[in-house]
Each structure stands twice: as structure tokens, then as C-alpha cells.
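Okay, here's what each chain looks like letter by letter:
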Amino acid sequence: MAGIFKDKIVEKLNIPEGYKVEAGVAIGTLTDKSVLPDDLAEREVPSKRLPLSDVAFEGRFTGKAD
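We now turn to the structure provided with this report. Please read all numbers here as calculations on a predicted model, not as lab measurements. Along each chain, residue indices are assigned from 1 in the same order as the chain's sequence is written. Under the rules for a predicted model, residues below a pLDDT of 70 receive no local features and side-chain atom pairs below 80 are neither given nor counted, while totals for whole chains, interfaces and linings still include all residues. Side-chain descriptors were evaluated using all non-hydrogen atoms of the structure, hydrogens and water having been removed beforehand.

**Focus: the environment of Phe 61**
Then comes step 1: The residue Phe 61 is located in the segment after helix H2 (38-41) in this model.
Then comes step 2: Partly exposed residues are those whose accessible area sits between 20% and 50% of the maximum for their type, while under 20% is buried and over 50% is exposed, using a 1.4 Å probe and protein chains only. Residue Phe 61 is classed as partly exposed on the basis of its relative accessible area, which comes to 23%.
Then comes step 3: Residues Phe 61 and Ile 27, 34 residues apart in the sequence, show an inter-C-alpha distance of 18 Å. Each helix is a run of DSSP H or I of at least 4 residues and each strand a run of E of at least 2, with the numbering of both proceeding from the N terminus.

**Notes on the packing of aromatic side chains**
Then comes step 1: Two rings belonging to Phe, Tyr or Trp (six-membered ring only in the last case) form a pair when the distance between their centres is within 6.5 Å. Interplanar angles under 30 degrees mark stacking, angles over 60 mark edge-to-face geometry, and anything in between is tilted. Within this structure, the stated rule accounts for 0 aromatic pairs.
Then comes step 2: If you follow Lys 8 out to its NZ or CZ, it ends over the ring of Phe 5, 5.0 Å from the centre. Lysine NZ or arginine CZ positioned within 6 Å of the ring centre and within 35 degrees of the ring normal marks a charge as sitting over the ring.

**Considerations on a nonpolar patch on the surface**
Then comes step 1: Patch membership needs two things, relative accessible area over 30% and no salt bridge, and members are linked within 9 Å if like-charged or within 5 Å if nonpolar (Val, Leu, Ile, Met, Phe, Trp, Tyr). Surface exposure here means Shrake-Rupley accessible area, sampled with a 1.4 Å probe, where a residue is shielded only by the protein chains that are shown. Note on definitions: salt bridges are taken to be side-chain nitrogens of Lys or Arg within 4 Å of carboxyl oxygens of Asp or Glu. On the surface, a cluster of nonpolar side chains totalling about 540 Å² of accessible area is made up of Val 25, Ile 27, Leu 50, Leu 52 and Val 55.
Then comes step 2: Mapped onto the elements of the fold, Ile 27 is located in the loop between helix H1 (6-12) and H2.
Then comes step 3: The exposed category is assigned to Ile 27, whose relative accessible area is 58%.

The values are spatial; any link to function lies outside them.
If you want it as C-alpha cells, here you go:
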């Protein structure tokens, strides 16, 4: 994702030496697909991806570099 401020992310999330920010992700909220135009609503199907809770966490970085 373009336009993320990697230095600010490192500071705000307390990311330790040995790690670096490589990407940003925009995360939205679910809503009823009836608010979408018909052509977009047809594309809304359950994802086979891992749940967000399996790949992300909320809060400050707590890991340690190897």
C-alpha cells in the first residue's frame, strides 16, 4: 500500500530493532451487501482466507527480534 508512514508506524507500535515495516493493510467493517449495486453484491462471497485474528493483533508490538 502506498502512502503509509513507516517511521511513524515503528514509533507508535514500538517495533524493536531487527524488524521493519513492509506493508500496510486497509481493514474495513462488514455491512449488508444489499447496500451495494447488484454487480458488486454478486461478487460478495465468503472468503477462504484465514480469519484476521490468526494473522494480526491489536495493540503495540510485543515480539522480539531473533
